[in-house]
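# An overview of the molecular structure
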Amino acid sequence: MTDVALKHVAIIMDGNGRWANARGKLRYEGHYVGVQRVRDIAIHASAKGVKYLTLYAFSTENWKRPQDEVDYIMSLPKIFFSSYLKELMENDIKVVMLGETERIPKVAREIFIDAIDKTKENKGMVLAFAVNYGARDEIMHACKCYAEMVKNGAENDIDEDLFNGLLYTKNMPDVDLLIRTSGEKRISNFLLWQIAYSELVFTDTLWPDFTKEEFDKCIEEYKGRHRRFGGLDENSSN
Ligand code: IPE
Ligand code: IPE
Ligand code: MG
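The structure presented is a predicted model; accordingly, all values stated were derived computationally and were not measured.

So, on to the overall build of the chain. Helix and strand content of the chain: seven helices and six strands. Put simply, the chain runs from its N terminus to its C terminus through helices and strands in the order β-α-α-β-α-β-α-β-α-α-β-β-α. Relative to its length of 238 residues, the chain is compact, with a C-alpha radius of gyration of 18 Å against a globular reference of 18 Å. When the backbone C-alpha atoms are referred to their principal axes, the chain occupies close to 55 × 50 × 35 Å. Counting all 238 residues of the chain, 47% fall into the buried class. Long-range pairs, those at least 24 residues apart, make up 76% of the contacts in the chain with a sequence separation of at least 6. Between the centroid of the 33 positive side chains of the chain and the centroid of its 38 negative side chains there is a distance of 4 Å.

Next up, the structure:
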């Protein structure tokens, strides 16, 4: 089991294209191998006792990519769930989705809905796929929901708990550890609210090369951090 404090791990799975380029392959081949890593890391994180694993699969900005790449990425849920839904069930993993789902092509959306439905009674790790997810979109969406509530007569007394409940991540705890692969050191519009006090780990490893051992190294780095949340260490003398 992991440190009890490590409930929620989020990963920016980056570097599929560079992995493919480095091998003289097409970008889509990197995405394909990346899907196998999603399976490995989900099963491994669940076995280690992680309660929530959130994976950044497609951002609100990724629509800017060439249409054939977007189409290929949107075919990945079918490849993933047709291969691994059985294993997710065996591991008691519950699938959820974060993001604005309307824009996701119908076929991909229905595959997610089916996986969410089939795993909804599972009691183990929550595996959250952020698809057509953008943190700014999420925050704007929450603001619009709140404005609507007030317009419909709710008292105007918003606080952090209420706002949390309007986010796509409602019912999920804040992120403890955020990992980004591929050497980039930025957030790229992922979970801005939820990472306010997360520990950040950046690794040069490209996502298709991200093994269980790499994941464990990130956990070790996390365990060596001192989280203070603005306070002082317990053994601090002043
Ligand atoms: C991450 O890999 C996957 C998605 C963003 C969908 P990239 O496709 O961004 O790979 P690089 O960053 O170009 O190497
Ligand atoms: C972030 O990666 C989005 C996902 C991993 C889904 P990008 O490759 O889109 O990020 P930038 O463009 O390098 O910031
Ligand atoms: Mg990238």
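Neighbouring residues of ligand 2: Ile 12, Met 13, Asp 14, Tyr 56, Ala 57, Phe 58, Asn 62, Arg 65, Arg 180, Arg 186 and Ser 188. In the model, an oxygen atom of ligand 2 is placed 2.9 Å from a nitrogen or oxygen of the Asn 62 side chain. In this structure, Arg 65 approaches ligand 2 through a side-chain N or O atom, which is 3.2 Å from an oxygen atom. When ligand 2 is considered free in solution it has 390 Å² of accessible area, and contact with the protein chains removes 78% of it. Across the shell around ligand 2, the residue classes break down as five nonpolar, two polar and four charged.

Contacts to ligand 1 come from 13 residues, most closely from Asp 14, Gly 17, Arg 18, Arg 27 and Arg 65. Note that an oxygen atom of ligand 1 is positioned 2.8 Å from one of the side-chain N or O atoms of Asp 14. Contacts to ligand 1 include Arg 65, whose side-chain N or O atom sits 2.7 Å from an oxygen atom. Protein chains bury 86% of the 380 Å² of accessible surface belonging to ligand 1 in isolation. With respect to the detected pockets, ligand 1 is housed in the largest pocket. Looking at the shell around ligand 1, the elements with two or more residues in it are helix H1 (16-22), helix H2 (27-47) and helix H3 (67-90). Here the element with the most residues in the shell around ligand 1 is H1; it accounts for three residues. Residues belonging to the shell around ligand 1 are distributed by class as follows: three nonpolar, five polar and five charged.

This part covers the environment of His 226. With respect to the helices, strands and loops of the structure, His 226 is situated in the segment after helix H7 (212-223). Separated by 27 residues in the primary sequence, His 226 and Glu 199 place their C-alpha atoms 9.2 Å from one another.

With that settled, consider the sheet that holds strand E5 (residues 177-180). Taken together, the six strands give an open sheet; going across it, the order is E3-E4-E2-E1-E5-E6, and neighbouring strands pair in parallel fashion. Each of the sheet's edge strands pairs with one partner strand only, and the pair in question is strand E3 (94-98) and strand E6 (199-202). Here the average twist between neighbouring strands, direction ignored, is 20 degrees. Pairing analysis gives four bridges linking E5 to E6, with the strands arranged parallel. Note on E6: the bridge partner recorded for Leu 177 is Glu 199. Contacts from H2 reach strand E1 (8-12), strand E2 (52-59) and strand E4 (126-133) within the one sheet, and its direction differs from that of E2 by about 160 degrees.

Rules of the game
Starting afresh in each chain, residues are numbered from 1 along the sequence in its written order. Chains and ligands are labelled sequentially in the order written, the chains with letters from A and the ligands with numbers from 1. In keeping with the predicted nature of the model, local features appear solely for residues at pLDDT of at least 70, side-chain atom pairs appear and are counted solely at 80 or more, and the whole-chain, interface and lining totals rest on all residues. In computing side-chain values, all of the structure's heavy atoms are included and hydrogens and water are not. Put simply, DSSP marks the helices as runs of H or I at least four residues long and the strands as runs of E at least two long, and each gets a number from the N terminus on. Computation of the radius of gyration draws on C-alpha atoms alone. For the globule rule, the value is 2.2 Å times the number of residues to the power 0.38. For each residue, the accessible area found with a 1.4 Å probe, counting protein chains only, is set against the maximum for its type, and the residue is called buried under 20%, exposed over 50%, and partly exposed in between. Here a residue-residue contact requires only that any non-hydrogen atoms of the pair lie within 4.5 Å. The positive count covers Lys and Arg only, the negative count covers Asp and Glu only, and His and the chain ends enter neither. A single reference atom marks each charge: NZ on Lys, CZ on Arg, CG on Asp, CD on Glu. One heavy atom within 4 Å of a molecule or strand makes the whole residue count as near it. Under this definition, polar contacts are N or O atom pairs within 3.5 Å; protein pairs additionally need one hydrogen-donor-capable and one acceptor-capable atom, and for neighbouring residues in sequence, both atoms have to be side-chain atoms. All accessible-area figures derive from a Shrake-Rupley calculation using a 1.4 Å probe, and residue coverage is judged against the displayed protein chains alone. Only Asp, Glu, Lys and Arg are considered charged, only Ala, Val, Leu, Ile, Met, Phe, Trp, Tyr, Cys and Pro nonpolar, and every remaining residue, Gly among them, polar. Lining residues are defined by having an atom within 4 Å of a point belonging to a cavity or pocket. Those points lie on a 1 Å grid over the protein atoms alone, cavities being sets where a 1.4 Å probe fits but cannot get out and pockets being open sets with protein on both sides within 12 Å along at least five of seven lines. Cavities and pockets are treated as containing a molecule whenever more than half of the molecule's atoms lie within 2 Å of their grid points. Should DSSP find at least two bridges between two strands, the strands are taken to pair. Axis angles are defined between N-to-C directions and span 0 to 180 degrees, where every axis is a line fitted to C-alpha atoms and, for a helix, only to the segment in contact.

Everything listed here is a matter of geometry and, on its own, says nothing about what the molecule does.
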